[in-house]
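What the coordinates show
If you want the building blocks of each chain, they are given just below.
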Amino acid sequence: MSSSHDLFRVTSFDKAQEEIFNPIPFGDRAEIVERLCSVLGFQIESGTLSDRSSQVIVSYQYHHEDDQGRGVEFSFMQDPVIFVSINRAQPEDFYPVIHVLKDLSPFAIVENGDMILDPERLYYSFDDWMQLNYEDSEI
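Description of the structure in this document.

Criteria and cut-off values
Residues numbered from 1 in each chain as written. Predicted model: local features only at pLDDT ≥ 70, side-chain atom pairs only at ≥ 80, totals over all residues. Heavy atoms only, no water. Helix = DSSP H or I, 4+ residues; strand = E, 2+ residues; numbered from the N terminus. Contact = heavy atoms within 4.5 Å. Buried < 20%, exposed > 50% of the residue type's maximum accessible area, 1.4 Å probe, protein only. Arc of directions from axis to C-beta. Polar contact = N/O pair within 3.5 Å; in protein donor to acceptor, adjacent residues only side chain to side chain. Pairing = 2+ DSSP bridges. Lys, Arg positive; Asp, Glu negative; His and termini not counted. Salt bridge = Lys/Arg side-chain N within 4 Å of Asp/Glu carboxyl O. Phe/Tyr/Trp six-rings, centres within 6.5 Å; stacked < 30°, edge-to-face > 60°.

With that settled, consider the overall build of the protein. What the protein contains, in helices and strands, is 4 helices and 7 strands. From first element to last, N terminus to C terminus, the protein shows the α and β order β-α-α-β-β-β-β-α-β-β-α. In the protein, the share of contacts with a sequence separation of at least 24, taken over all contacts with a separation of at least 6, comes to 53%.

Next comes the structure, spelled out in structure tokens:
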């Protein structure tokens, strides 16, 4: 079942419980969003980088061999970026962001505001991801 998730930076996953209440910033929102959007698949959907008070939504379009894919939207609400949010998604949907920002790792994923997941323990197979999302939409 899909839900809401937030991605935080941490010094180590063991300290994630404490650090999500005093988060480590990712950096300047404009720089983070521009860095993501320099990679194929990412693009700004709404919001402006110059308005620090607005929410910026960045989408990522997954593609497969048959050129079909599913989009995921990431929300950047603060500047500097304290966390990245997704709704109606799986924790594995953070993979493209984690991949682009891997030099800022380690990370922790907070699911529905309470359960903390270690992104290093998630399995990021595109075929498994497609099957999981197919099953969810069939239910």
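With that out of the way, let us pick up helix 2 (residues 29–37). Because each turn of an α-helix spans 3.6 residues, side chains separated by three or four positions in sequence point in the same direction. Turning to helix 2, its buried residues number three or more, namely Arg29, Ala30, Ile32, Val33 and Leu36. In a view along the axis of helix 2, the buried residues occupy a sector of 165 degrees, so they form one face of it. Exposed residues lying more than 90 degrees from the buried face of helix 2 are Glu31 and Glu34. Looking at the packing, one finds that the buried side of helix 2 touches strand 2 (42–46), strand 3 (56–61), strand 4 (71–76) and helix 3 (95–100). Measuring from the backbone nitrogen of Ala30 back to the side-chain oxygen at the start of helix 2 gives 3.2 Å, which picks out Asp28 as the cap.

Most of strand 6 (residues 107–111) is tucked away, with 5 of its 5 residues classed as buried. Both faces of strand 6 are covered, namely the face carrying Phe107, Ile109 and Glu111 and the face carrying Ala108 and Val110. For strand 1 (residues 3–9) and strand 6, the ladder comprises 5 bridges, and the chain directions are antiparallel. Paired with Arg9 across the bridge in strand 6 is Phe107.

Our focus in this paragraph is the side chain of Arg9. Topologically, Arg9 is positioned in strand 1. Buried within the structure, Arg9 lacks any salt-bridge partner; Asp103 is the closest side chain of opposite charge, at an N-O distance of 7.8 Å. In terms of polar contacts, Arg9 uses its side chain to reach the backbone carbonyl oxygen of Leu104, at 2.9 Å. Setting aside residues up to four positions removed in sequence, Arg9 forms contacts with Ile24, Pro25, Phe26, Leu104, Pro106 and Phe107.

Quick look at the packing of aromatic side chains now. Summed over the entire model, instances satisfying the criterion amount to 5 aromatic pairs. Centroid distance Phe8 to Phe83: 5.4 Å. Interplanar angle 35 degrees. Geometry classified as tilted. Of this pair, Phe8 sits in strand 1 while Phe83 sits in strand 5 (residues 83–89), placing them 75 residues apart in sequence. For Phe8, a relative accessible area of 8% puts it in the buried group. Measuring from ring centre to ring centre gives 4.6 Å for Phe42 and Tyr60, while their planes differ by 50 degrees; the resulting arrangement is tilted. Taken as a pair, Phe42 in strand 2 and Tyr60 in strand 3 lie far apart in primary sequence, 18 residues in all. Here the two residues Phe42 and Tyr60 agree in accessibility, since each one is buried. An aromatic cluster is defined as three or more aromatic residues linked by ring pairs; in this entry it consists of Phe42, Tyr60, Phe74 and Phe94.

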